Amino acid sequence: MNALLHPRHWSLGVKGGVIIAASLALLLGSAATSYTLERSTAAATADMLRTMQVQADIQRLHTQIAEAATGVRGYLLTGRDDFLAPYRIATRQLPATMARLQETVNDPEQRSRLDRVRPLLQNKLDSLEELRGQRHASSVELQQHLLASKQVLDQLRAEIGAMNVHETELVAKRTLALQQASNRNLWMTIAVIAAGLTGALATLTFTFGLVRRVRLAAENAERLNSDLPLKPTLATTDELGQLADRLHQASVLLAGRATAAQAASQAKTEFLARTSHELRTPLNAILGYAQLLEGGLSEPRDHEHAVQIRLAGQHLLSLIDEVLDIGRIEAGKLTLDRAPVALAPLVAEALALMLPLAQQRSVTLRHEPTALAVMADRQRLRQVLLNVVSNGIKYGAAGGTVSVSCTQEGSVIAIHIDDSGPGIPAAMQDRLFTPFDRLGIERGKTEGAGLGLAVSKSLMQAMHGDIRHQPGAVTRFTLTLPAATAPEAAAIASAAAVDVAAAPAIATTHSLVCIDDDAATRTLIATLMQRRPHWRLSTAADVAGGLALARLRQPDLLLAAAGLEDAELRACARKTVVLGGAADTSAGQLSKPLNVPAFFALLDLMEQTP
């Protein structure tokens, strides 16, 4: 029971209320104390100023009495009226000085002395007035009067001197009081600052603790979503503690469900694998006999029927392959051979395979030249490219364009596939890579099972890359993969420079030398020449190497990049064609990026020309 009373078990509302209430109490207490100290300091300051004013008035009173007496004596000695000017001024100012003293003196002892000074001052003034009228009196009378006036003056000076001494003591006393009040104010200010810092520290500690616990709860929620074990949390019974308990209970429940789901998925994968294998066995026979029928039937109608059987069988086979890929990926049994892959020949190969489908829909295929290379499984990357490009052709606008371009950002290569289709509605983009979801076009005439993008997503992630859709004016899918490092790219270039005639499988009848400083172009031509095994290909990256090969081979056809051809090279070959000019082989030029049909047409022309 006592453990539940610990502050960590209080609700967040109570904890926040306690901190706020404590902060408010501290603020109000500090304000009240500061107000009291300010009043005390102000009172001490006022007393100090009053005392100094009294001291100054006492000194002024003494001075005015002395000036009045001096003026009268000077008049008696000289008989000149101008000596009475100080006396007249003093007699006018003395009542005002006494009135100020009467008003400002509040010390009982000083007021008592002031009461004794008042009659003495009046006696002194009366004595001086009387003495001023005895200008022609005898010396004996003047002497007697002066002695009497001096006695009054001595008494007056004694009282004023006592007042001055006492007022000096009051100044010292009130200076000390003012200093003490200032010290108290200073210490109180320090205490208020310390208390404020303590309150701020307590608030920050509570806030940071709250934020840390909220972040931990959010992280655990994410870990729960990713089927990962939860991180331990502080044992509390407040709202966040209750949330942590519920997350833990959910994790236990989901762990059980995940085990069951994993078992079900494993069973599904095994079922798909066995079923697909059983389907492929008769399908191979169907496709084989369909091709035999297609080649042996002469009637157009029967031939068309055989073609439809073959096409339907190939479509079914592609669906089975996609289902098998999904099963392998989910089971973690997909094997990949990641190696440096030059993008230029791979893209050209994929577009060449898609060309018949593009011609059916009058779609133009384009790709930008590139020398970039990626780390990937070449077969699987080609499969992804074929999936995305075929989608662009099938779902894009008839008579439109599908283009492929490559860019590099740091260590990542991006392959952009753009088509001129209507795009994907924003409401459906979350379903884009979901298996068997065709985004509402399953009732259309375009064939498909909705597995292409799902398989492509899984394959790209298995190759440490990704695929994403980018909304915009055109439909764009972007494939991202790690770039091949410099040594790997060099390995690609050196492999492209190997003379393919080193181990000919078929007797060669024609020879070709290609000179191009672009490794991707050399690799592309080497890939295309594999379809013409009776041609012997030699490649070089510069003029010197190309000239040596041309002198050695005396080729039927010499392909040279723009700027690398010269008269000496032309003299070594039966025909020289410049790579990078207009697509006009009759003028000795071939476009770059390479137009594959035009390239093969050039080879056919060379074979037909003696």
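Each chain has its residues counted from 1, running along the sequence as written. The model is predicted, so local features are restricted to residues of pLDDT at least 70 and side-chain atom pairs to those at 80 or more, both for listing and for counting; the totals for chains, interfaces and linings are taken over all residues. The basis for the side-chain values is all heavy atoms of the structure; hydrogens and waters are excluded.

Another point: the overall build of the chain. Secondary structure elements are defined from DSSP: runs of H or I of at least 4 residues count as helices, runs of E of at least 2 residues count as strands, and each element is numbered from the N terminus. In terms of regular secondary structure, the chain is built from 14 helices and 12 strands. By residue count, 38% of the 610 residues in the chain fall in the buried class. Should any heavy atoms of two residues lie within 4.5 Å, those residues are considered in contact. Sequence-distant contacts in the chain: of pairs separated by 6 or more residues, those separated by 24 or more amount to 69%. Here the Shrake-Rupley method, with its probe set to 1.4 Å, supplies the accessible areas, and only the displayed protein chains count as covering residues. Only carbon and sulfur atoms are counted for the fraction: they give 59% of the accessible area of the chain, which is about 33600 Å². Throughout this description, buried means an accessible area under 20% of the type-specific maximum (1.4 Å probe, protein chains only), exposed means over 50%, and partly exposed covers the range between.

This paragraph deals with the packing of helix 8 (residues 378–395) against helix 9 (residues 452–462). Note on geometry: axes are C-alpha line fits, over the in-contact stretch for helices, and angles between N-to-C directions span 0 to 180 degrees. Where helix 8 contacts helix 9, the two axes come as close as 10 Å, and the packing angle between them is 145°. For the pair helix 8 and helix 9, the crossing hand works out as left-handed. Where helix 8 abuts helix 9, its residues R380, L381, Q383, V384, N387, V388 and N391 lie against G452, L453, V455, S456, L459 and M460. Only Asp, Glu, Lys and Arg are considered charged, only Ala, Val, Leu, Ile, Met, Phe, Trp, Tyr, Cys and Pro nonpolar, and every remaining residue, Gly among them, polar. Considered class by class, the residues forming the contact of helix 8 with helix 9 number 7 nonpolar, 5 polar and 1 charged. For any helix crossing, the convention is left-handed if the near helix is rotated counterclockwise from the far helix by under a right angle, and right-handed if that rotation is clockwise.

Our next topic: the sheet that holds strand 2 (residues 364–367). Taking strand neighbours across the sheet as the criterion, the 5 strands line up as 2-4-5-7-6 in an open arrangement whose pairing is mixed. Edge positions in the sheet fall to strand 2 and strand 6 (466–470), since each has one partner strand and no second. Neighbour-to-neighbour, the strand axes of the sheet open up by a mean angle of 20°, direction not taken into account. Should DSSP find at least two bridges between two strands, the strands are taken to pair. Direction of pairing for strand 5 (residues 412–419) relative to strand 7 (residues 475–482): antiparallel, over a ladder of 8 bridges. When the bridges of strand 7 are listed, D418 appears paired with R476. In this fold helix 9 packs onto strand 6 and strand 7, with an angle of close to 130° to the strand it touches most, strand 6.

What follows deals with the side chain of E349. The topology assignment puts E349 in helix 7 (residues 343–360). Two N or O atoms count as a polar contact when they lie within 3.5 Å, although within protein this holds only if one can serve as hydrogen donor and the other as acceptor, and sequence-adjacent residues are included solely when both atoms are side-chain atoms. Here the side chain of E349 touches R378 through a polar contact of 3.0 Å, side chain to side chain. Residues within four places of E349 in sequence aside, it is in contact with R378, R382 and T527.

What follows covers the sheet that holds strand 10 (residues 557–561). A sheet is described by the order of its strands in space; here 5 strands give the open sequence 9-8-10-11-12, paired in parallel fashion. Of all strands in the sheet, those with a lone pairing partner are strand 9 (535–540) and strand 12 (589–590), marking the two edges. As paired elements, strand 10 and strand 11 (residues 575–579) share 5 bridges and run parallel to each other. Paired with A560 across the two strands is V578, which belongs to strand 11.

Considering the arrangement of structural elements, one finds P533 in the loop between helix 11 (519–529) and strand 9. Taking the relative accessible area as the measure of exposure, P533 reaches 37% and is therefore partly exposed. Between the C-alpha atoms of P533 and T508, which are 25 residues apart in sequence, the distance is 7.2 Å.

Moving on: unusual backbone geometry. For S362, which is not glycine, the phi dihedral falls at a positive 55°. Mapping S362 onto the fold places it in the loop between helix 7 and strand 2. A relative accessible area of 52% places S362 in the exposed class. At Q554, a residue that is not glycine, the phi angle is positive and equals roughly 50°. Turning to its location among the elements, Q554 is positioned in the loop between helix 12 (543–553) and strand 10. Owing to a relative accessible area of 47%, Q554 belongs among the partly exposed residues under this scheme.

With that settled, consider the pairing of strand 7. Moving residue by residue along a regular strand, the side chains alternate between the two faces of the sheet. Of all 8 residues in strand 7, 6 are buried, a share of seventy percent or more. Strand direction decides the pairing type here: strand 6 and strand 7, joined by 5 bridges, are antiparallel. Looking at the pairing, D466 lines up with T480 of strand 7.

Note on scores: pLDDT gives the predictor's confidence for each residue, bounded by 0 and 100. On average, residues of the chain score 75 in pLDDT, and 72% of them reach the 70 mark or higher. Across residues 493–505 the pLDDT falls below 50, and counting only partners more than four positions away or on other chains, this stretch makes 15 contacts in the model.

A few words now on the pattern of salt bridges. By convention in these notes, a salt bridge is any Lys or Arg side-chain nitrogen within 4 Å of a carboxyl oxygen on Asp or Glu. Under the counting rule described, the total for this entry stands at 8 salt bridges. E349 is paired through a salt bridge with R382; the nearest N and O atoms lie 2.6 Å apart. Taken as a pair, E349 in helix 7 and R382 in helix 8 lie far apart in primary sequence, 33 residues in all. Residue R382 is classed as partly exposed on the basis of its relative accessible area of 28%. Between D418 and R476 there is a salt bridge, with the nearest N and O atoms lying 2.7 Å from each other. Of this pair, D418 sits in strand 5 while R476 sits in strand 7, and the two are 58 residues apart along the sequence. Here D418 falls in the buried class, since its relative accessible area comes to 12%.

Moving on: the nonpolar core. To define a nonpolar core, start from buried Ala, Val, Leu, Ile, Met, Phe, Trp, Tyr and Cys residues and group those joined through side-chain atoms within 4.5 Å. Of all hydrophobic cores here, the largest spans 37 residues; its most connected members are L381, I417 and L479. Of all elements in the fold, only helix 7, strand 3 (373–376), helix 8, strand 4 (401–409), strand 5, helix 9 and strand 7 reach the threshold of two or more residues within this core. Sequence-distant contacts of I417, defined by excluding residues within four places in its chain, comprise L385, V388, V389, V402, S403, V404, T475, R476, F477 and L479. Counting residues in hydrophobic clusters, the runner-up holds 21 residues, among them A348, L524, I525 and L602.

Our next topic: the environment of L24. The topology assignment puts L24 in helix 1 (residues 12–78). Separated by 175 residues in the primary sequence, L24 and G199 place their C-alpha atoms 9.7 Å from one another.

Relative to the assigned elements, V474 resides in the loop between strand 6 and strand 7. Residue classification places V474 among the partly exposed residues on the basis of a relative accessible area of 40%. Apart from the residues within four sequence positions on either side, V474 is in contact with D418 and D419.

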